[in-house]
Amino acid sequence: MNALTLIAAEEEQNPLVPPIPELVIGLIAFGIVFFFLWKKLLPNINTVLEQRREAIEGGIEQANDAKLEAQQTLDQYKAQLAEARHEAARMRSEAEQRGADLIAEMRAEGQRQREEIIAAGHAQIEADRKQAAQALRQDVGKLATELAGKLVGESLEDHARQSRTIDRFLDELEANAETTAGSTGAAR
């Protein structure tokens, strides 16, 4: 007993070392609490932690999926934008080409109309010249017939004779005019 009393005396003196019965009761209580925590609380904590991990991983996967989908949408947008720019450039090029074709067509049409107007003007001038020459020929013929009638002293009222005389006179005038124009052109 001496040893036990000595241990008990030492234990009373050391406040850090609990008495053995308290130590046994504490170990039994710790075992019950540990068993309760291990059987009931630990599975619930593990379940909640697993759910949270799955939720986090699911959120990360959703975020990755959303990021991938956003990237695909951005790529599609860029492709559509590039296609729209290409289409706009093509349409602009076509419009410029159509404009150039239209301008060339309008120039050709203007040139054709100008040529027609010039040709019509020349034809009108030629017709007017012929008409004026005819009117002049008739007037000159009448004057020549009257003058010839006065010189000859007889009436040249015969139409056939009058036409021959007028034609002969005008032919001589034209021949003189051509000869004079030819010599003037050679002198230049």
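In this text the structure is predicted, and so the values were computed from the model without any measurement.

Rules used in this analysis
- Here the residue index of a chain counts from 1 through its sequence in written order.
- Thresholds applied to this predicted model are a pLDDT of at least 70 for local features of residues and 80 or more for the giving and counting of side-chain atom pairs; totals over whole chains, interfaces and linings are not thresholded and use all residues.
- Values reported for side chains reflect all heavy atoms of the structure, with hydrogen atoms and water molecules removed beforehand.
- Put simply, DSSP H or I for four residues or longer makes a helix, DSSP E for two residues or longer makes a strand, and each gets a number counted from the N terminus.
- Accessible area is worked out with a 1.4 Å probe on protein chains only. A residue is then buried under 20% of its type maximum, exposed over 50%, and partly exposed in between.
- Using the Shrake-Rupley algorithm and a 1.4 Å probe, accessible areas are obtained, with residue cover drawn only from the displayed protein chains.
- Each residue carries a pLDDT value, the predictor's own confidence for that position, ranging from 0 to 100.
- Counted as salt bridges are all cases of a side-chain nitrogen of Lys or Arg within 4 Å of a carboxyl oxygen of Asp or Glu.
- Think of a patch as exposed residues, more than 30% relative accessible area, with no salt bridge, where like charges cluster within 9 Å and nonpolar side chains (Val, Leu, Ile, Met, Phe, Trp, Tyr) cluster within 5 Å.
- Any two rings among Phe, Tyr and Trp, with Trp reduced to its six-membered ring, count as a pair given centres within 6.5 Å; such a pair is stacked if its planes are under 30 degrees apart, edge-to-face if over 60, and tilted if neither.

Asker: Quick rundown of the overall build of the protein? Include the residues and the values.
Answerer: In terms of helices and strands, the protein carries 3 helices and 0 strands. Along the protein, from the amino end to the carboxyl end, the secondary structure elements read α-α-α. Relative to its full complement of 188 residues, the protein shows a buried share of 4%. Of the roughly 16400 Å² of accessible surface on the protein, a fraction of 61% belongs to carbon and sulfur atoms.

Asker: Describe the confidence of the model for the protein, with residues and values.
Answerer: Low-pLDDT stretches of the model should not have their predicted coordinates read in fine detail. Per-chain confidence: the protein averages 82 in pLDDT, with 82% of residues scoring 70 or above. Within the protein, the element-level pLDDT minimum falls on helix α1 (residues 2-13), averaging 58, and the maximum on helix α2 (residues 20-152), averaging 89.

Asker: Can you tell me about the pattern of salt bridges, naming the residues and giving the values?
Answerer: For the coordinates displayed, the defined rule picks out 9 salt bridges. The residue R112 makes a salt bridge to E116 at a minimum N-O spacing of 2.1 Å. In this pair, R112 and E116 are both assigned in helix α2, 4 residues apart and thus about one turn of the helix distant. Residue E116 is classed as partly exposed on the basis of its relative accessible area, which comes to 44%. Among the charged side chains, a network of salt bridges with common partners joins E87, R90, E94 and R98.

Asker: Run through a nonpolar patch on the surface, naming residues and quoting values.
Answerer: Among the surface-exposed residues, V33, F36, L37, L41, I45 and L49 lie close enough to one another that they form a single nonpolar patch of about 520 Å² accessible area. With respect to the secondary-structure elements, V33 resides in helix α2. Assessed through its relative accessible area of 47%, V33 is described here as partly exposed.

Asker: Quick rundown of the packing of aromatic side chains? Include the residues and the values.
Answerer: Per the stated rule, a full pass over the model turns up 2 aromatic pairs. Ring centres of F35 and W38 lie 6.4 Å apart, and the angle between their planes is 55°; this geometry places the pair in the tilted category. Of this pair, F35 and W38 both sit in helix α2, 3 residues apart, which is roughly one turn of the helix.

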